[in-house]
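# Observations on chain architecture
Take a look at the letters that make up each chain.
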Amino acid sequence: MEYQYIMGGIPASVLGFVLLYRSKGVKKSNESWENMGDEVVQISEQVLCQSENATNADIIIVGAGVAGSALAYTLGKDGRRVHVIERDLTLPDRIVGELLQPGGYLKLIELGLEDCVEEIDAQQVFGYALYKNGRSTKLSYPLQNFDQDVAGRSFHNGRFIQRMREKAASLPNVRLEEGTVTSVLEVKGTIKGVQYKTKIGQQLTACAPLTIVCDGCFSNLRRSLCNPKVDIPSFFVPLILENCELPYPNHGHVILADPSPILFHRISSSQIRCLVDIPDQNLPSISNGEMAKYLKTVVASQIPQELREHLFLQLTENIRTMPNRSMPAAPHPTPGALLLGDAFNMRHPLTGGGMTVALSDIVVLRNLLRPLHDLSDAFSLCKYLESFYTLRKPVAFTINALAGALYKVFSASTDPARNEMRQACFDYLSLGGVFSNGPIALLSGLNPRPLNLVLHFFAVAIFGVGRLIVPFPSIPRFLIGARMISLVYRTPLERVRNDEQFRRDRQCKRGLDLASPAQLLQRARDPGVSGLDSEQRTEAEVPICPEERRSTGMKKTKESRENVRDEVVKSSEQVLCQSENATNTDIIIVGAGVAGSALAYTLGKDGRRVHVIERDLTLPDRIVGELLQPGGYLKLIELGLEDCVEEIDAQRVFGYALYKNGKSTKLSYPLQNFDQDVAGRSFHNGRFIQRMREKAASLPNVRLEEGTVTSLLEVEGTVKGVQYKTKIGQELTTYAPLTIVCDGCFSNLRRSLCNPKVKIMFQLGNKNFFLNFVDRFLNVDCELPYPNHGHVILADPSPILFYRISSSEIRCLVDIPGQKLPSISNGEMANYLKTVVAPQDNQELLYVFQTPQELRDAFDFAINKGNIRTMPNRSMPAAPYPTPGALLLGDAFNMRHPLTGGGMTVALSDIVVLRNLLRPFHDLSNVYSLCKYLESFYTLRKPVASTINTLAGALYKVFSASTDPARNEMREACFDYLTLGGVFSNGPIALLLSKSSSIEIGSPFLCGGYLWHQPLNSSISFNSTHVDWSTHVDWS
């Protein structure tokens, strides 16, 4: 009987299994064709990447030239598994890439590759010799502050590349393979790897989370990864001169020949490379002998006598040419892929800057990739690596712009203005000292500051104009001088405009905001994100600093007294932090002003548990912080706080009106390309802050508490929290992994977190510091001459500001230098305001000079009303000490003169940067790693902060009256320049809007044009007064 049951059960089980399978099949058949397509794609992905596990590659590098080899070694040294595919691994025979500037050599040292210039007969280079019309000048690199070994290097390019390939291949995790990559593997918009053909013709596929294309100027892969606009302005004819000496040993030689430059530099102990540049349209034929004839008749007569015979000897050998390519960086950010080297960006090889740019890019990319353990999320990685394009700009822009500009300036022309510019450049550099050190430092990559580049070009142009019009000025000479100034705009500044336009175009295509720099970091630290918690990570995954090891008692007990002391420290930490779990706080924010309130809402909206401690939660009564520029309003929109300017009687601001000596001009913000709602806003500062506090407190995970923070809790160099006193006098302690100090200009906590060099603004050209104070008035029932515009009066001794802060009130801020500050108590201040600022007597002469007629009665009424008070205008550069567990923000961190009303814009921009950096972090407990990571905050904030800070200080100096005739001329020139309108006012006013490049700062002031001045170092000097624009800007 049991046997029958068993025999019957077998077919029944089989039948049930078949029915179950068919039911699943029917269910699957009802799914959409799109899901079926996804399954096919998934299967095809698995098939395509079947070799991925075999290769075990984290990164594929296409090309093993200078960029590819250096990158392979750098990433391999960091523990990455790298697969390099190079078309030809034999010794390369290339013409260019033979000169490495000192800035590039410093990058080589940083990458640990400096020994690659040894044993290849490389020659040290200490500068350049410049020749024109039989005259010569020597330009040495400014290497005084560097080690003795730091200099340029010139060598055979092939030998250098082979040394780097050998070094990369010596790492066990770097695989160097000869093969030709035919295409990238793209699946649903993501690059999964490459297809390539081996040396023996076998077709293979290699897969990796990230593919970096470095296959040089002839790249066949870049078309899908960028918008390649390759330009060929000229050709090089390369020659090798044997067994001869250069007139200036260990120097490159540049001959300003006709039609274009000729270069000489030693590439070995017995060989000198000669590169003859020939414009594209003039290229003679090689086959019919025209080229040899051209070199003998046109070129030979223009080179130094010592080299002429050796040049003739080389003309009997095979002559070849090489196109000089130029291509701006215009990438399409693509998940899974990145471009680097000449495949990504090229410039004219005149200045020998290509390798310096490539090595600098590798340093930036290495630093970005270092914190990432897992690269598998291609979309997040692509978003994160967009910051690469910003961080590379200072070096890349400076060298690229200089190469293109110098080629145009050094080439002969039929245009008299260009020839004058060429002569002016040679004479300017021949002056030596600071006149040559600045440009040569830019060329060598030792001082890659774009602003300095623009300043030096303007200085050369104005130097040239001075040569033209002194001592016999004439109308034709003035016209040539004007053309020279316009050439400067079209030469280095053209790249600025193109670069900014590309940035905006790329932003529009993505439909995203620009700032989003670190979308992957938490996923990289916690592979899979949803997988391991921070406590489950191994020590290998998250490095622990020695200090952290001691504080957690990880050393063995047998390490005696020091270990006992560490246990005591550990115990005290546990006692101190006993309330940490109770508060459940991720971040403590000290201060609930503009920065603190906006930050609290922003982090709270992202799910952080935030504890805000503010000294006084009543309605603030502050004078400044009442004008929000349009750029700040855009940041407010980005943070979701734009409704905070509603219901507080805020007034729209569309620009400025500028007054001087009875004349006025209206400067409107260039808002044509923005939504109708975008404009500046002016309001009562207290009302604005209260709205933001209410919005922050409305979030359940944000706790707003009134109390005075007395100190930071610091344990072994790490900030663990704060001690504070409540409103009723109770002493409390609160803890969090991160404390952000935003307690304003009077901060009592910043001294341990930065080097606070607070300045009360001073007059330029005088060693005595001036205190500047602002008097407060509320002017009722009056109208401004230009509605919805701020009004700036260029008064004597310093500016006066008017702007509406409500529908019935106008704020007037009278700036008074400190040494002239009248007393308020004895009535001197009221008398000063009536007689100097708005004089009663002699109205016809003085009245229009200081204040507009329409505001006179209201101004007098406010003075008679009394209650006058003063406020110092502080300036403090950002000089942080990166401290584990703490960060500074707002006026506690960085201040500038309030003339331009840029403080809130800087603070809100900083909050956007910080929010995007913190977003990927789910766990902030590893304070040392977090501190190191947040150092990028100081770089990413610079474009906005440097522009606004520099402009505020510069405009205050320019807009203040002076006994120095040069400064007064500068003041008049600035007013007249802005009065021209159009492009002349749009650029400067866009800087106030904070949507333009900081590089444009120099142009409005330098284009006063008719001021006589000479450049000194990185400053511009007007007579004896130094107006130092460049030292305020460290552009990024």
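Quick caveat, the model's predicted, so the values are computed rather than measured. (Residues numbered from 1 in each chain as written. Predicted model: local features only at pLDDT ≥ 70, side-chain atom pairs only at ≥ 80, totals over all residues. Heavy atoms only, no water.)

## Observations concerning the packing of aromatic side chains
Applying the stated criterion to the full structure yields 15 aromatic pairs. Judged by centre distance (5.6 Å) and plane angle (85°), the rings of Tyr428 and Phe435 are edge-to-face. Tyr428 sits in the buried class, given a relative accessible area of 1%. Look at Phe435 and you get buried, because its relative accessible area is 16%. The ring of Tyr105 carries Arg153 above its face, with NZ or CZ at 4.3 Å from the centroid. (Phe/Tyr/Trp six-rings, centres within 6.5 Å; stacked < 30°, edge-to-face > 60°. Buried < 20%, exposed > 50% of the residue type's maximum accessible area, 1.4 Å probe, protein only. Lys NZ or Arg CZ within 6 Å of the ring centre and 35° of its normal.)

## A word on the pairing of strand β26 (residues 718-726)
Bridge count between strand β25 (residues 702-715) and β26: eight bridges; the pairing is antiparallel. When the bridges of β26 are listed, Ser711 appears paired with Gln723. In this structure, the hairpin formed by β25 and β26 is closed by a connection of two residues, where Glu716 is found at a positive phi of approximately 50°. Looking at chain direction, β26 and strand β27 (residues 731-735) are connected through five bridges and run antiparallel. Looking at the pairing, Tyr724 lines up with Leu732 of β27. (Pairing = 2+ DSSP bridges. Helix = DSSP H or I, 4+ residues; strand = E, 2+ residues; numbered from the N terminus.)

## As for the pattern of salt bridges
In the structure shown here, the tally under the stated rule is 39 salt bridges. Across the pair Glu178 and Lys199 runs a salt bridge whose closest N-O atoms are separated by 4.0 Å. Note that Glu178 is positioned in strand β8 (residues 174-187) and Lys199 in the loop between β9 (190-198) and β10 (203-207), a separation of 21 residues in sequence. Take Lys199: its relative accessible area is 68%, and that puts it in the exposed class. (Salt bridge = Lys/Arg side-chain N within 4 Å of Asp/Glu carboxyl O.)

## Some words on the nonpolar core
Formed by 67 residues in total, the largest nonpolar core has its most connected members in Ile61, Leu71, Phe160, Val194, Ile212, Leu365 and Leu369. If you tally residues by element for this core, the top one is helix α9 (residues 354-369), at nine residues. Excluding residues within four positions of it along the chain, Leu369 makes contact with Ile59, Leu75, Arg80, Leu210, Leu375, Leu381 and Leu385. (Core = buried A, V, L, I, M, F, W, Y, C linked by side-chain atoms within 4.5 Å. Contact = heavy atoms within 4.5 Å.)

## Structural notes on helix α15 (residues 450-469)
The end-to-end C-alpha distance of α15, which contains 20 residues, comes to 29 Å, matching closely the 28 Å that a straight helix rising 1.5 Å per residue would cover. Among the 20 residues of α15, 16 are classified as buried, and the element is accordingly described as predominantly covered. (Expected span 1.5 Å × (residues − 1).)

## Topic: the UniProt feature "transmembrane region" (unreviewed entry) in the protein
According to UniProt, the positions carrying the feature "transmembrane region" (unreviewed entry) are residues 428-447 and 453-470. A distance of 19 Å separates the end C-alpha atoms of residues 428-447, which is 65% helix and 0% strand. The span residues 453-470 carries 94% helix and 0% strand; its end-to-end C-alpha distance comes to 26 Å. (UniProt positions renumbered as here; feature names shortened; annotations may be inferred.)

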